[in-house]
Protein chains: 2
Amino acid sequence: MDANILFEQIKKKQSVLCVGLDTDLEKVPQHLLLEEDPIFAFNKAIIDATHHVTVAYKPNTAFYEAYGIKGWQSLKKTINYLNDNHPDIFTIADAKRGDIGNTSSRYAKAFFEDLGFDSVTTAPYMGKDSIEPFLAFEGKFTIMLALTSNPGAFDFQTQKVGAAELYKKVLETSKSWENSERLMYVVGATKAEYLAEIRQIIPKAFLLVPGVGAQGGSMDDVFKYGATETAGLLINSSRGIIYASAEKDFAEAAAAEAEKLQRQMAVHLKQLN
Amino acid sequence: MDANILFEQIKKKQSVLCVGLDTDLEKVPQHLLLEEDPIFAFNKAIIDATHHVTVAYKPNTAFYEAYGIKGWQSLKKTINYLNDNHPDIFTIADAKRGDIGNTSSRYAKAFFEDLGFDSVTTAPYMGKDSIEPFLAFEGKFTIMLALTSNPGAFDFQTQKVGAAELYKKVLETSKSWENSERLMYVVGATKAEYLAEIRQIIPKAFLLVPGVGAQGGSMDDVFKYGATETAGLLINSSRGIIYASAEKDFAEAAAAEAEKLQRQMAVHLKQLN
């Protein structure tokens, strides 16, 4: 996917909403368990109810792998459904992969070619030759962990490496990698005050921002410190939307939550052109 | 699996050999492509030919995911074959996973419960709450990346964080995590001279060591600086063994390479009791 398509979606929908499809059979409404593929049935209903205000969908692969081959089939059906019905919506395989060169190429092939996602999340610990194989794919994006929203982010990411924190070293170093214009970054909303400094290092790259809402991040701060002239943000909500209700009205409840977030986003996106 | 079973295997086979099952349909012998499941047929032949000198098998998940659902099925068949026929051989899902807490639990469930591996590799970038969910599984091991064998290891892992390098900070910090006795670590053989210092931080933990042979690491140095009184090492070879021949004699050739490595290992393991 071309980055312009994403920007057009953002302008059209006045939204930077990414819906996380972290689908858990213990949390989906009971009546769906009678379906042949309850995970896909749930995802389809959520997509149908929220796509008008959503610019990206992000299944986290852990939730699918936990169900083995059946889970992988549900993931495949979900991405096929998105590509067939909503080709302009950006898709993210939240997989946090990374390995030595030829092995990372395999992961890239898995998510970009076999499954057909527009992007995949990666972990930077193994450095340049673990990420560049992903960046070699034209029309695809690689979303690298920088500063995550969990407590463990303080164990290593915020430790000082020389004068600056590790996550800043990761951001700075990655700019020199081949095809780095295909990089996006994960930056948690729980650390929105860090965004001003992050934008000094990567002024234009898109940021995937988890942690608004349930984890305590402020959407206003994310826009204030992180927005660019093409928005430059994808703000993720997973459980807050998809589990808004555990009853038969789950899709309507998800739509209402998604629309509520979209209205908050629209206030900040009005000036885009 | 109990760590004693692994130690018994090491003593019995006079080997710390881990065979990496990085199975690639472009590299397996042509005649296997006629099989219903060529990946599993290849793995089964390699296991049958090498298990007498092997204490661990390590499929890298990237090679299976690249073939989508079919690949996942081949992985499942491979681990089932190992658990059914060689329950005393240690199994490693080389997956390099890691995510926020409840999501890491899902990955742990996928590899430990659904697939039935004894261990899984993880990446440390997201810190404590991304690894502890793996460590919660009794009788299972978590093998965390510390110092990898690829060039990108120098991008971040060897950068100084305060007085010591990041990988040392990772090792030191991880010792305080709950159930840290279930941790093993990846340390590349290409950096064997680092092993003496690593053993000062983690004197007893098992190390999974890639990079001997093809990547230039010295087995003698790995034993010299890294061995403990229970060996404390799993030395991996992937391509050097499984692609020793691309002809019909591939399994015999793999056996010969595995036996050659085992004989080198036996010299260093004689004194174990």
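Residues numbered from 1 in each chain as written. Chains lettered and ligands numbered in written order. Predicted model: local features only at pLDDT ≥ 70, side-chain atom pairs only at ≥ 80, totals over all residues. Heavy atoms only, no water.

Under an unreviewed UniProt entry, chain A has the name Orotidine 5'-phosphate decarboxylase and belongs to Leeuwenhoekiella polynyae. The UniProt entry for chain A carries the following comment under Sequence similarities (unreviewed entry): "Belongs to the OMP decarboxylase family. Type 2 subfamily." Here is the UniProt Catalytic activity (unreviewed entry) comment for chain A, exactly as written: "orotidine 5'-phosphate + H(+) = UMP + CO2". (UniProt positions renumbered as here; feature names shortened; annotations may be inferred.)

(A) View of the overall build of chain A. The number of helices and strands found in chain A is 11 helices and 10 strands. Once the C-alpha set of chain A is aligned to its principal axes, its extents read approximately 55 × 45 × 35 Å. In chain A, which comprises 273 residues, the share counted as buried stands at 65%. Sequence-distant contacts, at least 24 apart, represent 74% of the contacts inside chain A between residues at least 6 apart. Where the 29 positive side-chain charges of chain A centre and where its 35 negative ones centre are 3 Å apart. (Helix = DSSP H or I, 4+ residues; strand = E, 2+ residues; numbered from the N terminus. Buried < 20%, exposed > 50% of the residue type's maximum accessible area, 1.4 Å probe, protein only. Contact = heavy atoms within 4.5 Å. Lys, Arg positive; Asp, Glu negative; His and termini not counted. Charge placed at Lys NZ, Arg CZ, Asp CG, Glu CD.)

(B) Representation of the pairing of strand β10 (residues 233-237) of chain A within the structure. Residues and elements named next belong to chain A. Most of β10 sits inside the fold, with 5 of its 5 residues counted as buried. Burial along β10 is two-sided: the residues Leu233, Ile235 and Ser237 and Leu234 and Asn236 are all buried. Note that strand β1 (residues 17-21) and β10 share 3 bridges and pair parallel. What sits directly across from leucine 17, in β10, is isoleucine 235. Pairing analysis gives 3 bridges linking strand β9 (residues 207-209) to β10, with the strands arranged parallel. Across the sheet, residue valine 209 finds its bridge partner in β10, namely isoleucine 235. In this view, the connection linking β9 to its parallel neighbour β10 by way of helix α9 (residues 219-226) has right-handed handedness. (Pairing = 2+ DSSP bridges. Right-handed = clockwise from strand over helix to strand, strands pointing away.)

(C) Local environment of the pairing of strand β2 (residues 56-59) of chain A. Residue and element names in this part refer to chain A. Along β2, one buried face is formed by Ala56 and Lys58 and the opposite face, lined by Tyr57 and Pro59, is buried too. Alignment of β1 against β2, held across 4 bridges, turns out to be parallel. Bridge pairing in β2 places leucine 21 opposite proline 59. Regarding topology, helix α2 (residues 38-50) serves as the crossover connection from β1 to the parallel β2, and that connection is right-handed. One ladder, built from 2 bridges, connects β2 with strand β3 (residues 90-97); its direction is parallel. Note that in β3 the partner of tyrosine 57 across the bridge is threonine 91.

(D) Representation of the UniProt feature "active site" (unreviewed entry) in chain A within the structure. Listed under "active site" (unreviewed entry) in the UniProt record, and renumbered for this structure, are Lys96(A). Structurally, Lys96(A) is set in strand β3. For Lys96(A), a relative accessible area of 7% translates into the label buried. Not counting residues up to four positions away in its chain, the partners in contact with Lys96(A) are Asn60(A), Thr121(A), Thr122(A), Ala123(A), Leu145(A), Lys96(B), Gly98(B), Asp99(B) and Met126(B). Side-chain polar atoms of Lys96(A) contact the side chain of Asp94(A), separated by 2.8 Å. (Polar contact = N/O pair within 3.5 Å; in protein donor to acceptor, adjacent residues only side chain to side chain.)

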